[in-house]
Amino acid sequence: MTAPWRPTPRRAVIKTASVPSPIGGLNARDSVAAMPPTDAIVLRNWFPFPYALSMRKGWKVTTPGMVAGTNPTVAEFSPISGVPLAVVFTGGNIYKIAAPGVAPAPSVTGMASDYWQTTMFANAGGNYLYAVNGVDSPRVFNGVTFTAVLEDLTPPPAGFDISGVDPKTFVHVAVHQRRLWFVQKNSTSAWFLPVDQVGGIALQFEVGQLFKFGGFLMAIYTWAGDSGDGMNDKLVFISSNGECATFAGTDPESATAWGLEGVIRLGAPVGRRCGCSYGGDLIVLTVTGMEPLSKSFQSTKVNTDDNLTDKISHTISALISQYFTVVGWEMLLFPNENQIWLIVPIPDADGGVRVYSMNTISGAWCEYMNMDIQSVCLIGIDPYFVTKNGTLCQAWTGYFDNVLLNETIGDRIEVEVITAYNYFESRGVTKRWTMARPIFQSGSIPSAAIKLEIDFAVITPLAPDATILPSSDYLWDQAVWDEAYWNVEFDRYRRWQSVEGMGYCAALHMAVAQDVETLWAATDFVYEFGDTI
């Protein structure tokens, strides 16, 4: 009698794999089942360099004590020589900030709005910061005093005053070919001053007849159109419905020295601060994302791949749809660190401000949390922002958040990542993961909380390991002898940790809280194959 056939038990095949950290950045465009393994579904407070992820730097308070405001604004005054100054508009006041410390008395009081648009302007008399908000009289700052710009009804006007239009109605300002240009609120009119003048007789420039889809004039920006400031510089008029009328020339009063180059339609602009110079290009923030103007003019086809936010398009589209009318959207080019920031204002009940940052070298995106940026600008080469309570802060410094003026150690920076789901080159084959080993370079031993998300299951929250010691625990003369850890040099750290997961694909979910420079290069995995069913 023949014995019944029994399958020979298959021995588990142990495999190892090393996966680079998600240097491709956030991906909110592609299917979660088809993302490259170097992308991420969640990437908070990690910045993607081309070679590794780096924990973002922190921020510190530089000027507390100003009055809280609604949509406060910070701007830079850049003198001909000397140190740049910060100018903060908050609580109906204007402050001149020359150095870190408790806020001085306000230079100007009684303002109706804190939401100002500004530009620097220079002539033979010096450098000026020109600020408008559409409600108050514009203010011109020469580095010492703020002068109100008034309407002069008996021209010619004196000083900084303007005749021909009420300057209180100016809601946006730009400089083009040595002239100051203004947007008049609730209209399709722009106004300009004579060459090199900060005041004088303003002349009207009507662009409404160019806007086929109606709306009002939202903003004006200079667009280099080549490699920099020069005869090819263009002036771009952006309507509230997304039409961009572009003019080139040096004299808008001359038919031979001024002309229309074209009108195209983008998505509707998001807020007054919808433009950002980026190299020789102008980036316009619209309902479809961050659109380079050069790409739109060069192509007759709509190609969303040209948008800088293409890879996070679904996330940005959802945020714009929900918070389009919320004041506070803006962009910041941060060239010293090869970044461009997108500030997304979100009401506190929904988690507060979000900052999306793109690596201008690789195009990879990430998200920054715990930064209450109501307005941001560069002061010199460093980013400064003002919070809703009227505090001026310096960003991208040190590795703590909320470091107080007296240098009291602030909050450790919490970073979180969920990588793209990875089939480990074996789709349709069951796997069981048993161990994972993140590889870090850091100034202290990272203690990472990790787990695996399997087969697109519902993702549950993950908190950083609470046993991580802050830097103060190993400072000389503060640490407890024979109990504290010694601080260590910037070195490589890799430690195997047990993980559990069985399925076809897995994503690494990791949370870390650190207070020193930390790079994440890759992660090693140990797993074994199961059956194909």
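Every value quoted in this text rests on a predicted model; they were computed, and no experiment measured them. (Residues numbered from 1 in each chain as written. Predicted model: local features only at pLDDT ≥ 70, side-chain atom pairs only at ≥ 80, totals over all residues. Heavy atoms only, no water.)

Trainee: Whenever I open this one, the overall build of the protein confuses me. Can you help?
Mentor: Of regular secondary structure, the protein possesses two helices and 41 strands. By the burial criterion, 54% of the 533 residues in the protein qualify as buried. Summed over its atoms, the accessible surface of the protein is roughly 23,800 Å², and 53% of this surface lies on carbon and sulfur atoms. (Helix = DSSP H or I, 4+ residues; strand = E, 2+ residues; numbered from the N terminus. Buried < 20%, exposed > 50% of the residue type's maximum accessible area, 1.4 Å probe, protein only. Areas by Shrake-Rupley, 256 points an atom, 1.4 Å probe, with all protein chains shown as cover.)

Trainee: Explanation requested: empty space enclosed by the protein in the structure shown.
Mentor: Left-over empty space is what a probe sized like a water molecule reveals as it rolls over the atoms. Under the definition given, this model contains one cavity of 30 Å³ or more. Empty space within the largest cavity amounts to approximately 120 Å³. Put simply, the parts of the chain that give the lining of the largest cavity at least two residues each are strand 1 (14–20), strand 40 (506–514) and strand 41 (518–529). Of the residues contributing to the lining of the largest cavity, the split by class is eleven nonpolar, four polar and no charged. (1 Å grid on protein atoms, 1.4 Å probe; cavity = no way out; pocket = protein on both sides within 12 Å on 5 of 7 lines; lining within 4 Å. Points joined across faces, edges and corners; volume = space filled by probe spheres on them. Nonpolar A, V, L, I, M, F, W, Y, C, P; charged D, E, K, R; others polar.)

Trainee: I tried to follow the nonpolar core on my own but got confused; where do I start?
Mentor: Generally speaking, nonpolar side chains in soluble globular proteins are found buried as a group. Counting residues in hydrophobic clusters, the biggest one holds 68 residues, and the most contacted among them are Trp 46, Trp 341 and Met 510. Grouped together as the second largest cluster of nonpolar side chains are 17 residues, Leu 210, Phe 211, Phe 237 and Trp 258 included. (Core = buried A, V, L, I, M, F, W, Y, C linked by side-chain atoms within 4.5 Å.)

Trainee: Just checking my understanding: could you explain unusual backbone geometry for this structure?
Mentor: Peptide bonds are trans in most cases, and residues, glycine excluded, mostly fall at negative phi. Cis geometry is adopted by the peptide bond preceding Pro 156, which originates at Pro 155 and carries an omega value of 5°. One can find Pro 156 in the loop between strand 13 (146–148) and strand 14 (162–163). In the Ramachandran plot, Gln 177 falls in the positive-phi region, its phi being about 50° despite a non-glycine side chain. Residues other than glycine seldom take positive phi values, yet Asn 186 does so here, at roughly 55°. Of the residues examined, Asn 186 reaches a relative accessible area of 66% and is grouped as exposed.

Trainee: Would you mind going over the pattern of salt bridges with me for this structure?
Mentor: Oppositely charged side chains can pair when the atoms bearing their charge come close. On inspection of all chains with the given rule, the structure shows 15 salt bridges. Ionic pairing is found between Glu 367 and Arg 44, a salt bridge with its closest N-O pair at 3.6 Å. With Glu 367 in strand 30 (residues 365–368) and Arg 44 in strand 3 (residues 39–44), this pair connects stretches of sequence that are 323 residues apart. Arg 44 sits in the partly exposed class, given a relative accessible area of 27%. In this structure, Glu 367 engages Arg 354 in a salt bridge whose closest nitrogen and oxygen atoms are separated by 4.0 Å. Of this pair, Glu 367 sits in strand 30 while Arg 354 sits in strand 29 (residues 354–359), and the two are 13 residues apart along the sequence. Here Glu 367 falls in the buried class, since its relative accessible area comes to 6%. Where salt bridges share partners, they join Arg 44, Arg 354, Glu 367 and Glu 416 into one cluster. (Salt bridge = Lys/Arg side-chain N within 4 Å of Asp/Glu carboxyl O.)

Trainee: Can you help me understand the sheet that holds strand 12 (residues 139–141) in this one?
Mentor: Paired through backbone hydrogen bonds, the strands of a sheet run either parallel or antiparallel to each other. Here four strands make up an open sheet; going across it, the order is 10-11-12-13 and the pairing antiparallel. Each end of this open sheet is capped by a strand with a single partner; those strands are strand 10 (117–123) and strand 13. Adjacent strand axes in the sheet meet at a mean angle of 25°, parallel and antiparallel pairs treated alike. Pairing of strand 12 with strand 13 involves three bridges; the strand directions are antiparallel. Opposite Phe 141, over in strand 13, you have Phe 146 as the bridge partner. (Pairing = 2+ DSSP bridges. Axes fitted to C-alpha atoms, helices over the stretch in contact; angles between N-to-C directions.)

Trainee: So what exactly am I meant to see when it comes to the packing of aromatic side chains here?
Mentor: The relative placement of two aromatic rings is captured by the distance of their centres and the angle of their planes. Inspection of the entire model under this criterion finds 30 aromatic pairs. For the pair Phe 170 and Phe 182, a centre-to-centre distance of 4.2 Å together with 5° between the ring planes defines the contact as stacked. With Phe 170 in strand 15 (residues 170–176) and Phe 182 in strand 16 (residues 179–184), this residue pair connects regions lying twelve residues apart in the sequence. Taken as a pair, Phe 170 and Phe 182 share a single burial class, namely buried. Look at Tyr 368 and Trp 396: their rings are 5.7 Å apart centre to centre, the planes differ by 40°, and that puts the pair in the tilted class. Of the two residues, Tyr 368 is situated in strand 30 and Trp 396 in the loop between strand 33 (392–395) and strand 34 (400–401); the sequence distance between them amounts to 28 residues. (Phe/Tyr/Trp six-rings, centres within 6.5 Å; stacked < 30°, edge-to-face > 60°.)

Trainee: Hey, could you run me through the layout of surface pockets in this one?
Mentor: Here the largest pocket is characterised by a volume of approximately 1,300 Å³. For the largest pocket, the lining is made up of 43 residues, of which Thr 118, Thr 119, Tyr 221, Gly 275 and Ser 277 are closest to its centre. Elements with a contribution of two residues or more to the lining of the largest pocket: strand 7 (73–77), strand 10, strand 15, strand 20 (217–223), strand 24 (275–278), strand 27 (330–334) and strand 31 (375–379). Top contributing element to the lining of the largest pocket by residue count: strand 10, with six residues. Its residues placed into classes, the lining of the largest pocket shows 22 nonpolar, 14 polar and seven charged.

Trainee: Would you mind showing me how to read the side chain of Ser 294 here?
Mentor: Residue placement: Ser 294 occurs in helix 1 (residues 293–298). Not counting the four nearest positions on each side in its chain, Ser 294 is found in contact with Trp 223 and Asp 281. (Contact = heavy atoms within 4.5 Å.)

Trainee: What exactly am I supposed to notice about the environment of Gly 242 here?
Mentor: Looking at the element boundaries, Gly 242 is found in the loop between strand 21 (234–239) and strand 22 (243–249). Every residue in contact with Gly 242, bar those within four places of it in the chain, is listed here: Ile 264, Arg 265, Leu 266, Gly 267, Ala 268 and Pro 269.

Trainee: Hey, could you run me through the sheet that holds strand 7 in this one?
Mentor: Within the open sheet, the three strands sit side by side as 7-8-9. Their pairing is antiparallel. With partners counted over all chains shown, the strands left at the sheet margins are strand 7 and strand 9 (93–97), one partner each. The mean inter-strand angle of the sheet, taken between neighbouring strand axes irrespective of direction, is 20°. Here five bridges tie strand 7 to strand 8 (residues 85–90), and the two strands are oriented antiparallel to one another.

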